[in-house]
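# Inside the fold
Listed below are the residues making up each chain.
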Amino acid sequence: MEDSAIIELYWSRDQRAIEETAGKYGPFLHSLVWNILHSRGDAEECVNDTYLRAWNAIPPTRPAVLRAWLGRIARNLSLDRWKEGRTQKRGGGAVEVLLGELDDCVPAPHGVEKQLEDQEIAALICAFLRRLPAESRGIFLRRYWYGQDLADIAAEQRCGVGKIKSSLFRTRKALRDYLEKEGIAL
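These figures come from a predicted structure and were not determined experimentally.

## What about the overall build of the protein chain?
Looking only at helices and strands, the protein chain has nine helices and zero strands in total. When each of the 186 residues of the protein chain is scored for burial, the buried share is 38%. The long-range fraction of contacts in the protein chain, counting pairs at least 24 apart against all pairs at least 6 apart in sequence, stands at 61%. Of the accessible surface of the protein chain, which amounts to about 10,800 Å², a share of 52% is contributed by carbon and sulfur atoms.

This is the structure in structure tokens:
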């Protein structure tokens, strides 16, 4: 079913909207959440919460790209769950590794102006990513947005893990240089 038809089901408050969403995007959402949480129970809850959030948000929201919109909701829910689990000593450490890899090229939070700075940094990162070749951008997003393992990315790209590590290293260095050039203190 096309996304526009699924969105219309939400707008008409038809319960099939959730079934259609799960049928079309369930595997994608489970994969995204699993890459962050590594817990079947937590992943299932986050995906179900994603469907509930979609149900409550449409209407009035009409997502332009349903897959990306659902992915953002699922990712945010799973990161919240991961943070909660981390404070309770339940994490597997995978997300800490992902975030640790970005420490050198993303500034630490500080001060009252944090939200404005975060928006500015997000806009700069988006501009940086748009300038990258499609392959480098895809690898970067698979690792740091979708939380995929290096081996999985390498398999999708049909190359070795070393090439993926090198690409990520070069992209992180370029991002750090770009942000410093734009006046962002790291």
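## Some words on the packing of helix H1 (residues 3-11) against helix H2 (residues 16-37)
Across the interface, H1 lies against H2 with an axial gap of 8 Å and an inter-helix angle of 150°. As summarised for this structure, H1 and H2 are arranged roughly antiparallel, according to the angle between their axes. Between H1 and H2 the crossing geometry is left-handed. Along its contact with H1, which presents Asp 3, Ile 6, Leu 9 and Tyr 10, the element H2 presents Arg 16, Ala 17, Ile 18, Glu 20, Thr 21, Lys 24 and Tyr 25. Taken together, the residues that form the contact of H1 with H2 break down as six nonpolar, one polar and four charged.

## As for the confidence of the model for the protein chain
Averaged over every residue, the pLDDT of the protein chain is 86; the share at 70 or more is 84%. When mean pLDDT is taken per element in the protein chain, H1 scores highest with 95 and helix H5 (residues 94-101) scores lowest with 67.

## Some thoughts on the layout of surface pockets
Unfilled space is identified by rolling a water-sized probe across the atoms. When its volume is computed, the second largest pocket comes out at roughly 220 Å³. Taken together, Phe 28, Val 65, Arg 67, Ala 68, Trp 69, Gly 71, Arg 72, Leu 141, Trp 145 and Tyr 146 form the lining of the second largest pocket. Sorting elements by how many residues they give to the lining of the second largest pocket places helix H4 (residues 66-87) first, with five residues. Residues that form the lining of the second largest pocket fall into these classes: seven nonpolar, one polar and two charged.

## With respect to the packing of aromatic side chains
Each aromatic ring pair is described using two quantities: the centre-to-centre distance and the angle formed by the ring planes. Tallied over the entire structure, the rule returns four aromatic pairs. Pairing Tyr 10 with Trp 55 gives two aromatic rings, centres 6.1 Å apart and planes at 55°, and the pair type is tilted. Of this pair, Tyr 10 sits in helix H1 while Trp 55 sits in helix H3 (residues 40-57), and the two are 45 residues apart along the sequence. Note on accessibility: Tyr 10 and Trp 55 belong to one class, buried. The cationic tip of Arg 40 hangs over the ring face of Trp 34; the distance from NZ or CZ to the ring centre is 5.6 Å.

## Structural notes on the nonpolar core
Judged by nonpolar contacts, the single largest core of 28 residues is most densely connected at Tyr 10, Leu 29, Val 33, Leu 66, Trp 69 and Leu 70. Elements with a minimum of two residues in this core: H1, H2, H3 and H4. Once you skip the residues sitting within four places of it in the chain, Tyr 10 turns out to touch Ala 17, Ile 18, Thr 21, Ala 54, Trp 55, Ile 58 and Pro 59. Judged by nonpolar contacts, the second largest core, of 19 residues, contains Phe 140, Ile 153, Ala 154 and Leu 175.

Conventions we followed
- Residues numbered from 1 in each chain as written.
- Predicted model: local features only at pLDDT ≥ 70, side-chain atom pairs only at ≥ 80, totals over all residues.
- Heavy atoms only, no water.
- Helix = DSSP H or I, 4+ residues; strand = E, 2+ residues; numbered from the N terminus.
- Buried < 20%, exposed > 50% of the residue type's maximum accessible area, 1.4 Å probe, protein only.
- Contact = heavy atoms within 4.5 Å.
- Areas by Shrake-Rupley, 256 points an atom, 1.4 Å probe, with all protein chains shown as cover.
- Axes fitted to C-alpha atoms, helices over the stretch in contact; angles between N-to-C directions.
- Parallel < 35°, antiparallel > 145°, perpendicular 65-115°, else oblique.
- Left-handed = near helix turned anticlockwise from the far one by under 90°.
- Nonpolar A, V, L, I, M, F, W, Y, C, P; charged D, E, K, R; others polar.
- pLDDT = per-residue confidence, 0-100.
- 1 Å grid on protein atoms, 1.4 Å probe; cavity = no way out; pocket = protein on both sides within 12 Å on 5 of 7 lines; lining within 4 Å.
- Points joined across faces, edges and corners; volume = space filled by probe spheres on them.
- Phe/Tyr/Trp six-rings, centres within 6.5 Å; stacked < 30°, edge-to-face > 60°.
- Lys NZ or Arg CZ within 6 Å of the ring centre and 35° of its normal.
- Core = buried A, V, L, I, M, F, W, Y, C linked by side-chain atoms within 4.5 Å.

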